[in-house]
Amino acid sequence: MTPPRPARPTAGPAAETTAGPVGRQGGDGRPASRPDIAGRADLEALLRRFYRAAFADPLIGPYFTEIAGLDLEAHLPHIADFWESALLRTASYRRNAFTPHAALHERRPMTAEHFGRWVQLWTAAVDGLHAGPVAERAKAQGERIAVNLLRRTSGGSADAPDGAGGGFVPLSAVLLRS
């Protein structure tokens with residue numbers, strides 16, 4: 001009889017990988033299937049995971065921490081409302097999502113590189129916790145939002161020849177999926 005293997009940690013940074021939480025492994029050691037995004041509690045956990053990475057990121061973190069001075073606890077309900085409306089088809093979001101991004105861009109211009117990094121971190125956060133049709137919609141919606149914000153803040157095309165919008169590669173998120 002083989003002795004039982006010690007339990008792996010199920011919370012905290014040491015327990016998480018890009019494949020998802022270690023505690024969600026099946027009996028054969030492979031990652032167990034991740035649940036799809038099913039409700040607001042899933043969105044709030046996903047948003048916390050994403051913002052933890054975004055705040056720490058050297059490229060886009062300053063937009064959240066220094067320029068916007070984002071108080072996540074105060075803004076999380078509004079951000080969750082947005083994603084709940086977009087993904088779960090509720091009518092909970094009643095604000096203009098472009099306005100705060102335009103204000104940030106006025107203070108310090110955002111480039112394709114910034115939006116590309118946002119997509120990478122968003123995709124990694126979704127893939128780390130969820131799999132299924134709503135999770136796929138979250139990733140696709142994130143890419144659409146990033147492209148739209150880039151176009152609107154750069155005054156037109158995300159492929160502008162002057163370099164204002166060039167270089168955006170939404171599928172760069174694949175690097176963090178594997």
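Residues numbered from 1 in each chain as written. Predicted model: local features only at pLDDT ≥ 70, side-chain atom pairs only at ≥ 80, totals over all residues. Heavy atoms only, no water.

Peer 1: Describe in detail the pattern of salt bridges, supporting the description with residues and values.
Peer 2: Summed over all chains, the structure comprises seven salt bridges. Salt-bridge contacts for arginine 40 lead to aspartate 81; the nearest nitrogen and oxygen are separated by 2.7 Å. Placement of arginine 40 in helix α1 (residues 40-56) and of aspartate 81 in helix α3 (residues 72-88) is noted, with a sequence separation of 41 residues between them. According to the relative accessible area criterion, arginine 40 is partly exposed, its value standing at 23%. Classification of aspartate 81 as buried rests on a relative accessible area of 18%. The partner of arginine 40 in a salt bridge is glutamate 84, and the shortest N-O contact between them spans 2.8 Å. In this pair, arginine 40 is assigned in helix α1 and glutamate 84 in helix α3, connecting sequence segments 44 residues apart. Looking at glutamate 84, the relative accessible area reads 14%, which means it is buried. Here the residues in one salt-bridge network are Arg40, Glu44, Asp81 and Glu84, joined through shared partners. (Salt bridge = Lys/Arg side-chain N within 4 Å of Asp/Glu carboxyl O. Helix = DSSP H or I, 4+ residues; strand = E, 2+ residues; numbered from the N terminus. Buried < 20%, exposed > 50% of the residue type's maximum accessible area, 1.4 Å probe, protein only.)

Peer 1: An account of the packing of α3 against helix α6 (residues 133-153) is requested, with residue identities and associated values reported.
Peer 2: Running from N to C, α3 and α6 point in directions that differ by 115 degrees, and their axes come no closer than 10 Å. Considering their axes alone, α3 and α6 lie roughly perpendicular with respect to each other. Here α3 and α6 pass one another in a crossing that is right-handed. When α3 is examined against α6, the residues Phe82, Trp83, Ala86, Leu87 and Leu88 are found in contact with a partner set consisting of Val134, Arg137, Ala138, Gln141, Gly142 and Ile145. When grouped by side-chain class, the residues that make up the contact of α3 with α6 number eight nonpolar, two polar and one charged. (Axes fitted to C-alpha atoms, helices over the stretch in contact; angles between N-to-C directions. Parallel < 35°, antiparallel > 145°, perpendicular 65-115°, else oblique. Left-handed = near helix turned anticlockwise from the far one by under 90°. Contact = heavy atoms within 4.5 Å. Nonpolar A, V, L, I, M, F, W, Y, C, P; charged D, E, K, R; others polar.)

Peer 1: Please give an account of the packing of helix α5 (residues 112-129) against α6 that cites residues and values.
Peer 2: In contact at an axis separation of 10 Å, α5 and α6 are set at 170 degrees when each is read in the N-to-C sense. Judged on the interaxial angle alone, α6 and α5 are roughly antiparallel. Within the contact between the two elements, α5 uses Ala112, Phe115, Trp118, Val119, Trp122, Thr123, Val126 and Asp127 and α6 uses Ala135, Ala138, Lys139, Gly142, Glu143, Ala146, Leu149, Leu150 and Thr153. Grouping the amino acids of the contact of α5 with α6 by side-chain chemistry returns 11 nonpolar, three polar and three charged.

Peer 1: Pulling in residues and values, what's your account of α5?
Peer 2: In a regular helix each residue adds 1.5 Å, so 18 residues correspond to 26 Å; α5 covers 26 Å between its end C-alpha atoms and thus fits that length. In terms of burial, α5 is largely enclosed, as 16 of its 18 residues are buried. (Expected span 1.5 Å × (residues − 1).)

Peer 1: Talk me through the packing of aromatic side chains; I want residue IDs and the actual numbers.
Peer 2: This model, assessed by the stated rule, comprises nine aromatic pairs. Both rings, one in phenylalanine 50 and one in tyrosine 51, keep their centres 4.8 Å apart while their planes meet at 80 degrees; by these two values the pair is edge-to-face. A relative accessible area of 1% places phenylalanine 50 in the buried class. On the accessibility criterion, tyrosine 51 (10% relative accessible area) is buried. Taken together, the aromatic side chains of Phe50, Tyr51, Phe55, Phe64, Phe82, Trp83, Trp118 and Trp122 make up a single cluster linked through ring pairs. For arginine 108, the ring lying beneath its charged end belongs to tyrosine 63, and the centroid distance is 5.8 Å. (Phe/Tyr/Trp six-rings, centres within 6.5 Å; stacked < 30°, edge-to-face > 60°. Lys NZ or Arg CZ within 6 Å of the ring centre and 35° of its normal.)

Peer 1: Please provide a residue-by-residue account of the environment of leucine 121, values included.
Peer 2: Here leucine 121 lies in helix α5. Residue classification places leucine 121 among the buried residues on the basis of a relative accessible area of 8%. Considered as a pair, leucine 121 and aspartate 57 are 64 residues apart in the sequence and their alpha carbons are 9.0 Å apart.

Peer 1: Residue-level account of the confidence of the model for the protein, with values.
Peer 2: The share of residues in the protein with pLDDT of 70 or more is 69%, and the mean pLDDT across the chain is 75. Within the protein, strand β1 (residues 16-17) has the poorest average pLDDT of any element, 38, and α1 the best, 95. Low pLDDT, under 50, characterises residues 2-30; the predicted model gives this stretch 32 contacts beyond four residues in sequence or across chains. The low-confidence segment residues 158-178 (pLDDT under 50) makes 42 contacts with residues lying over four places distant or belonging to another chain. (pLDDT = per-residue confidence, 0-100.)

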